[in-house]
Structures are given as C-alpha cells and as structure tokens.
Amino acid sequence: MGDLLAPSGTLETLLGNEAIARGALEGGLNVAAAYPGTPSTEIGEALSLAAKKLGIYFEWSSNEKVAAEVAIGAAWSGLRSMTMMKHVGFNVAADAIFTLTYAGLTGAMVIVSADDPHCHSSQNEQDNRHYSEAAGLPMLEPSNVQEAKDFTKEAMELSYRYKIPFMLRTTTRINHQRGPVRLGEITAKGAIGKFEPPEPDRYLQVGAIARKHHLELLKKIKEIQGISGNYARVEGPHDSEIGIITSGVSYAHVKDALRLAGLEAKILKIGMTFPLPERMIGEFLRSINTAFIVEELDPFLELRIKALAKDYAPDLEILGKLTGHMPQVHEYTIRTVLEGFSKAFGVKSPIDFSEIDRRSSKLLEMVPPRQPILCPACPHRSAGYALRRAAGRAVFMGDIGCYALLFQPPFRVEHVTHAMGSSIGIANGVSLATQQDVVALIGDSTFFHAGIPALINAVHNKRKFTVVIMDNRTTAMTGHQSHPGVPYDAIGREAPSISIEDLVRAMGVSYVRIVDPFDHKGTEEAMREALKTDGVSVVITRRECALLTVRNIRAEGKRIVPYRVNRDKCTYCRVCINTFACPAFVDTGSLVEIDPAICFGCGACVQVCPYDAIEPQEGSINWRDDRVGV
Amino acid sequence: MIEEFNVIVAGVGGQGILFTTNVLARTALKMGINFVQSEVHGLSQRYGSIRTELRIGSEVHSPLILEGTLDLLIGMEPLETLRQAPYISERTTVVMSDHMIVPMAAYLSRFRVPSLEEIIEAIKSLNPKKLFTVDAYGLAEKAGDYIAANVVILGAAQASGAIPFPEDLIREAISELSPARYRDLNLRAFDLGREASLPR
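Keep in mind that this is a model prediction, so the values were computed, not measured.

1. Some remarks on the overall build of chain B
Along the backbone of chain B there are eight helices and seven strands. Computed over its C-alpha atoms, the radius of gyration of chain B comes to 16 Å, within 12% of the 16 Å expected for a compact globule of 200 residues. Seen along its three principal axes, the alpha-carbon backbone of chain B occupies a region of about 50 × 35 × 35 Å. Going through the 200 residues of chain B one by one, you find that 63% of them count as buried.

Written out as structure tokens, the structure reads:
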C-alpha cells in the first residue's frame, strides 16, 4: 500500500519484502531474478513493478538455481544483482552458490534467504544461517522493516566492496511485517555490463584453482569480520549483569518482553551474524555474569558464543536452547521470551499465561479447525474429484502447490508432499519398487521448476505411471506469478510460452491428453485411459486459476452471480459435501444451501448433484459451457 | 500519545482482512504514530483461519501481539473470533460479523458447530470490555456488494469508540486504499456499519 518508488526522505508504509526491494533499488540494483516462494515472493512482485518504471531487469526464473545463475552472470559482468528465495529454494540454488564464494564477482550480488520458522507456508523449518557459514557467505539479519531496507542496501554495497556475494537472511515475520520506513535515494538503473574476469582463472573452479580460491575466501571472511561490529550494538543499562544476545525478529520480541517484565538487562543486538563480531561479543561476555541467547530455530549463535566464551569468559553462565530455557523449534513470540525470562531469572510474567490457557482452552474446543482448503471454483477440486473416481486405489505422489490441499478428505489424492518436483521423481521409485498404480500430481509452474528431469528419467527408464499436470496457467499459490508456460513475462510483456504438451510429447510420452477439469466426465475418462496405458502417461488438466477468472469477470464490470440449491429437489443426500466439498456449501441440518457470499458462480458443482438440485440464477454463467477461464 | 494499542483482525482467508488492517495502519501513519503489522501471505490465505496483527504506539517492537493484551478484535466471522480467545481480556473490545462460515472439515467430520448465541456467550465469559455484532454481509449487500463486508465491520468498530483515531482520517484511508471501482461502495459500507452495530 506504500509507494515503493517514493522520493528520498519520505516515510512510507512498506511490507518487509517491499522494503528489501527498495533497499536493493537504493543499492544500485541492475538485475534481479527469482522463483516465487513464500515468504519471499513479494520482493519480486515489488521489483517487477519497479522494473517497468526504472528500466532495471527482473524475471521470474524457472527455478531458484537458474535465478541465482542469472544473478551470477550479471554480477560477473560487472552489474549489481539480487536473487531471492524461500529457505527450501536455497537448497535448489545451493550448488551454484557454494562455488560462487570461491569465485567472487566483479559487480555485486545479494542473495535473500527467506526462512519460515513455524512452517507457515513450508514443508520444513530449516535454518539457513548454516548455509552462510558452510558456503563462506557473509550474512546480515534485519530486525524490522527499516533494517530490511537498510541492510539490503548495505549488503549490496559490501558485496561490491569485497567482491563476494552477501546473504540477507530474513524470517517470515520480517518479510510479512509492515511498518513505516524512512527512504533513501534510488540509484537503480538499467545497465549494460561486460563479461571480463579480473584474472583469467577467476571463474574456473577446477581442482588446483579452486584450492587456491578456498584459501582466498577464508582470508576475505577474516577481513569482513573486521567490520562485522559495525552492524551490532549494545543497548540498555551499562552496568547490568544480565546480557541478552539476539538478532533478527527475536530482538523485537526481546524489547517488548523486557519492558513488560521490568527486567533489567542489556542487549547485544547482532546484525551481521556471519562472520560474527567476535571481539565485540567477547568484551560483552566479560562485562556480564549471565548471557541469555534469544534466537529462533537452531542454537547457531549460542554454540559460537559458547566457543568464544572459552577464550573470553570461561566461567560465564550461558543460557539458551542448550540449557532448556528456550525452545529449538517453531517461531518465537513475546510470550516465548517472557517464559524464558521466568525460567532463567525467576521474573514473574505480567500476564498469567496458565490462567489464559486454562480459560481459553475449553472455549477453543468449541471451535472446529479451519485448515486452508481449495477456493470455490478451483479447477483442482474438479480434477481431484475426477481423479478420486478414476483412480481410487492408486497411490498418489503430490507436489508443492495449492493442489497439495487435495490430501484432505474427501479427495485424499495426495499421499506425498515433499519437495519441488518430487511427485514425478518419487513416482519413479515407487513405480519400480511396487506393483501398485502410481499417479503423480504436479502443477504447471512446479513442472517447469523441477518436474522435467524426473519425467525424462521416467520415460528413459521405462517406468509405468500416470502424471497429472494441473495446469492453471499461473503460479497460483504464491499469488499468480508468470512461468515459462504462459505468454507473458514477469513484468507483463509478451513472451514465448513453452507448450507443456509439446514438451512431454518430445520426451517420448506416448499417451498425452488435455482436458478441461470442469468437464468432470471427460476428465475422469482421460484419467482411466491414462492409467491403463503402458509406460508413462500424462493428463493435462487445463483451466485458469479461479481467482484470475473472478478477477477478470469483475474487471469487466460484471457481477459474480452465485448458484443456488432448489429446495424442492434437494434430498439432503449430502453427496455434494461428501464428494466435492466446495467451501460455499452450507449444511443446514435438513438440506444443503449455497452461501452467496462465498460462491463464485462457476457452476462446476451442477454436475455433482445426483438430483439436479443445483441451479443457476438470473445472470449466472456456467464457466465450462460458456468457455470462461479456458 | 499512544503507548501501545493492539488490534487483531481475524476471519477466513478471502474476507478482505488485510485491507481492513491496512486502513488502520495507514491512519496511524497519517497521525504520525509508529506501528508494526504482521500479515499472512501464501497458501494459508486459501479459506483457512487468518489473523493479521497490528500494534500501534511508541513502545511497540514485536510484530506479534501477546496473549491478554489485545485492545480491539475485529472478527470477520464468529468462529474465527472465538478462536482468538487467548487474546481476549477485560481490555478488549470485540466487534464481530454475525455471519457464520462453517469450515467444510466440520461438515465432513460432523463436528458439532456452536450457534452464534453460544459463541457470544463464550466470548462474554472472557469479560471483554464491550462486544458488538453486526450484520456485515446483509449491510454490504445493501451497500452494493458482499465484498464490502470487511468495511462494514470497520465502520461498526469505529462507532464502538474503541479505535483511537478520528473518523475522517479513517474515511480518508479507505478512499486512498480502495481500488477506484470500489471506493464509493466501501464508503457506503463504512457508513452503514457505523449505524448498525448491536451491543451484546
């Protein structure tokens, strides 16, 4: 809602991810590339808007490794680049990044790793700070939106100065935090660089050369350690005997917790968490009697601080995860920190949490869980419905996308959700290890990301299974980004689209069918045929994401007219709820109704009712018959 | 000078929760007051439980509200409002839509869903400062489209007296944040909400 491109000096409300984008623009960004992934996506969305106005380059790449390589190529051509990814995306890009720190660069490059403690929108809560030390990749960690902007700019400048990529490591509560940000000058622009290695072997990592570069990397890290203290500060009463060491969003929780608990302690807030400001930490440790470490996930700081204490303050009491005072999983809140204070220092919490838990737990039992489910009018619901009917006894390898929600009843056509592209990859293994019918479900964007090599492997190795490519013409789960299969690019320009059906046919897949999932009967038939086929078969269920269709209908100035249930025809058999489960269905206890505030008016459910009780209203359209959204 | 004012907007993904929170944050910015807001993006938006948190004031740092310290709960849906029970205390004003959206999983598992009256009683047992319900969807339809139900509730929250901002600045923020084609609809919805909340 803030203006990303507002002039220097303005105080703008920005989302953390917009602040990161702005920081890159203030750091002279020329090129950025990313694959969307929560919680990093909005950085790219913001840069895509900026690209149109500033002439910089931004693309949604086919995956994180390719995105990182786009940024590497630009940084090796003297430009300033950035690539952004969610924590698990870093795993995909890591191959290119580990060697990059040996190689260095001639321009500048920032790598944003957006971690997701608590798995808000992820399959694990891996702590990517380990990548930083493992790859020799210096890392900055912002604690709020202002720092998100400032540290990104700083990372770009430092990268340019030290000729090494810098990592900006964030967590969901920084990426998706919104707040006022004081802006600086935008210096980003479109630019043409020149690929010119500073030494002939600079970018050639083969044995003898790489060995030399590894030594150089260690020297460079040592040098950067000399400025690490510039990004750390000590706050609070100088003579306090308790010292809290923290970084990232944990710092914010600590600030509130200290005020609420009335605890007297000083804080060492660290901004560059690799390489650490060792001497500064050491001196801080010497000035206190007890150190309390507050950091989410792994004891990254804690272990290193313990090692430092051996030299600086061997008798110091160090409290944190290893002593059981703080949890090692999930995200922190003010409460986590207050409870840690209670355990460590016996401070009474200003809030009686046990009383809160006691009186709210009974009330919470009254509330049914509400997990995310597929939207009304979602084409994946229809595809899942058809698949359940066609392949009830198969085992289903799912993938990363909205369709992962098909693991839920009544569909249950996902037994696996693992990593990007793993549906087809793991189907390779299950189909060879068993005699079961195997189905892999994968979305269009995920197919381009990591499904292609796995499918090639399956054809070449004569596997037998069925792949359902659920093509909703966008990267839907992260908010509708472009991918190589659509005819426009990341900033909305026309672009060549790669045809999924041509691609799979070229791989040698013999059975390829394209269906509109809203044609339930046709989709079910195609899936039955595919399962009977020897070898690898592919069914492409193609229909635009319903949210896009709704947006388009509204943009044309038309109203969404919901369907309704004819009370005279509804027998309350509940087949609609028990097999199709659209969130617009309301069970009144004597019949099923459609909530007009939720129904998108797609008409797909008409096919599900055995008594033809679901009917259009005046002005309703039927998306399948009227060819809307295909 | 506001030291700490905590707001949760809770509901079901797709109900315009973020817009509602953004209006309040923008109003805070207009008044030159510090704030920090926490949002939900990604898969959890898809008709799941959603809660945005907004903390306004000179002393706030954490983007997440501490249980028991909530000042205003804007509930877009009764079940989701009750789900915030750990946050509700004597300092909380609750303004809630009366339109239930029962999760599909409850139908499939035959979970006994409480009635609106039971939910109201449950919330009352936490002794909130005030509790209001509003026919948000009925009034939004009257304003022109269901889509504006979030702004109806915002209007009701403003009328409750719990928001420490002047009405005209909130209206200004709504105007600025609304896409052009929804601007008038939203302002109508805000006014209808202001007139129509029901004290419980």
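2. Considering the interface of chain B and chain A
Contact with chain B, which involves 52 residues of that partner, is made by 51 residues of chain A. Secondary structure elements with two or more residues in the side of chain B that touches chain A: α1 (17-30), β2 (35-38), α2 (78-82) and α3 (104-109) of chain B. When grouped by side-chain class, the residues that make up the side of chain B that touches chain A number 32 nonpolar, 14 polar and six charged. Pairing of strand β8 (residues 177-182) of chain A with β2 of chain B, which is carried by two bridges, proceeds in the antiparallel orientation. From the neighbouring strand, Q177 of chain A faces β2 of chain B, where its bridge partner is S38 of chain B.

3. Description of the domain arrangement of chain A
All names here are of chain A. Split into domains, chain A comes out as domain 1 (11-205), domain 2 (230-351), domain 3 (379-550) and domain 4 (559-615). On the side of domain 4, 10 residues touch domain 3, which itself brings eight residues to the contact. Elements represented by at least two residues in the side of domain 3 that touches domain 4 include exactly α14 (379-390) and α19 (546-555). Take the side of domain 3 that touches domain 4: its biggest share by element is three residues, from α14. Looking at the side of domain 3 that touches domain 4 residue by residue, the classes come out as five nonpolar, two polar and one charged.

4. Examining the pairing of strand β3 (residues 57-60) of chain A
Residues and elements named next belong to chain A. Covered by surrounding structure in β3 are Y57 and E59 together with F58 and W60, the residues of both alternating faces. Relative to β3, strand β2 (residues 31-34) runs parallel, the two being bridged by four bridges. If you follow V31 over to β3, its bridge partner there is Y57. On the question of chirality, the crossover connecting β2 to the parallel β3 by way of helix α2 (residues 41-54) is right-handed.

5. Some thoughts on the packing of helix α10 (residues 278-286) of chain A against helix α11 (residues 300-312) of chain A
Residues and elements named next belong to chain A. Closest axis-to-axis distance for the α10/α11 pair is 9 Å, and the angle between their directions is 65 degrees. Put simply, α10 runs roughly perpendicular to α11. Of the two possible hands of crossing, α10 and α11 adopt the one that is right-handed. From α10, E278, I281, G282, L285 and R286 reach across to α11, where they touch I305, L308, A309, D311 and Y312. Taken together, the residues of the contact of α10 with α11 sort by class into six nonpolar, one polar and three charged.

6. Here we look at the sheet that holds strand β15 (residues 395-397) of chain A
Residue and element names in this part refer to chain A. Strand order in the open sheet made by the five strands is β15-β16-β17-β19-β18, with parallel pairing throughout. Two strands lie at the open edges of the sheet, namely β15 and β18 (511-515), each paired on one side alone. In this sheet, adjacent strand axes meet at a mean angle of 20 degrees when their direction is disregarded. With respect to the sheet, helix α18 (residues 520-532) is in contact with β17 (465-471), β18 and β19 (536-542), its orientation differing from that of β18 by roughly 170 degrees.

7. A few points about the sheet that holds strand β11 (residues 266-270) of chain A
Residues and elements named next belong to chain A. Read across the sheet, five strands follow the order β9-β11-β10-β13-β14 without closing on themselves; strand pairing throughout is mixed. The open sheet has two free edges, formed respectively by β9 (232-235) and β14 (317-319), since each of these has just one partner strand. Strand after strand, the sheet turns through a mean of 20 degrees between neighbouring axes, direction not considered. Two elements, β9 and β11, share four bridges in a ladder whose sense is antiparallel.

8. Some words on the nonpolar core
Among the nonpolar cores identified, the biggest contains 267 residues, and V152 and I153 of chain B are the most heavily contacted of them. V152 of chain B has contacts with V134, A136, L139, A140, A189, L192 and G193 of chain B, leaving out every residue within four places of it along the chain.

9. Let's talk about the environment of M100 of chain B
All names here are of chain B. Mapped onto the fold, M100 is located in the loop between β5 (93-97) and α3. When the 16 C-beta atoms within 10 Å are taken as the criterion, M100 is described as partly exposed. Residues M100 and E80 lie 20 residues apart in sequence; the distance between their C-alpha atoms is 9.2 Å. Not counting residues within four places of it along the chain, the set of residues in contact with M100 comprises E77, P78, L79 and L116.

10. Let's talk about the packing of helix α16 (residues 444-460) of chain A against helix α17 (residues 500-507) of chain A
Residue and element names in this part refer to chain A. Look at α16 against α17: their axes get within 10 Å of each other, and the N-to-C directions meet at 15 degrees. With respect to their mutual orientation, α16 and α17 come out roughly parallel. Between α16 and α17 the crossing geometry is right-handed. When α16 is examined against α17, the residues D444, F447, L455, I456 and V459 are found in contact with a partner set consisting of I500, V504 and M507. The residue inventory of the contact of α16 with α17, partitioned by class, reads seven nonpolar, no polar and one charged.

About the cut-offs
- Residues numbered from 1 in each chain as written.
- Chains lettered and ligands numbered in written order.
- Predicted model: local features only at pLDDT ≥ 70, side-chain atom pairs only at ≥ 80, totals over all residues.
- Helix = DSSP H or I, 4+ residues; strand = E, 2+ residues; numbered from the N terminus.
- Rg over C-alpha atoms; globule rule 2.2 N^0.38 Å.
- Buried ≥ 20, exposed ≤ 12 C-beta atoms within 10 Å, placed from the backbone.
- Contact = placed C-beta atoms within 7 Å.
- Nonpolar A, V, L, I, M, F, W, Y, C, P; charged D, E, K, R; others polar.
- Pairing = 2+ DSSP bridges.
- Domains from an automatic or database assignment.
- Right-handed = clockwise from strand over helix to strand, strands pointing away.
- Axes fitted to C-alpha atoms, helices over the stretch in contact; angles between N-to-C directions.
- Parallel < 35°, antiparallel > 145°, perpendicular 65-115°, else oblique.
- Left-handed = near helix turned anticlockwise from the far one by under 90°.
- Core = buried A, V, L, I, M, F, W, Y, C linked by C-beta atoms within 7 Å.

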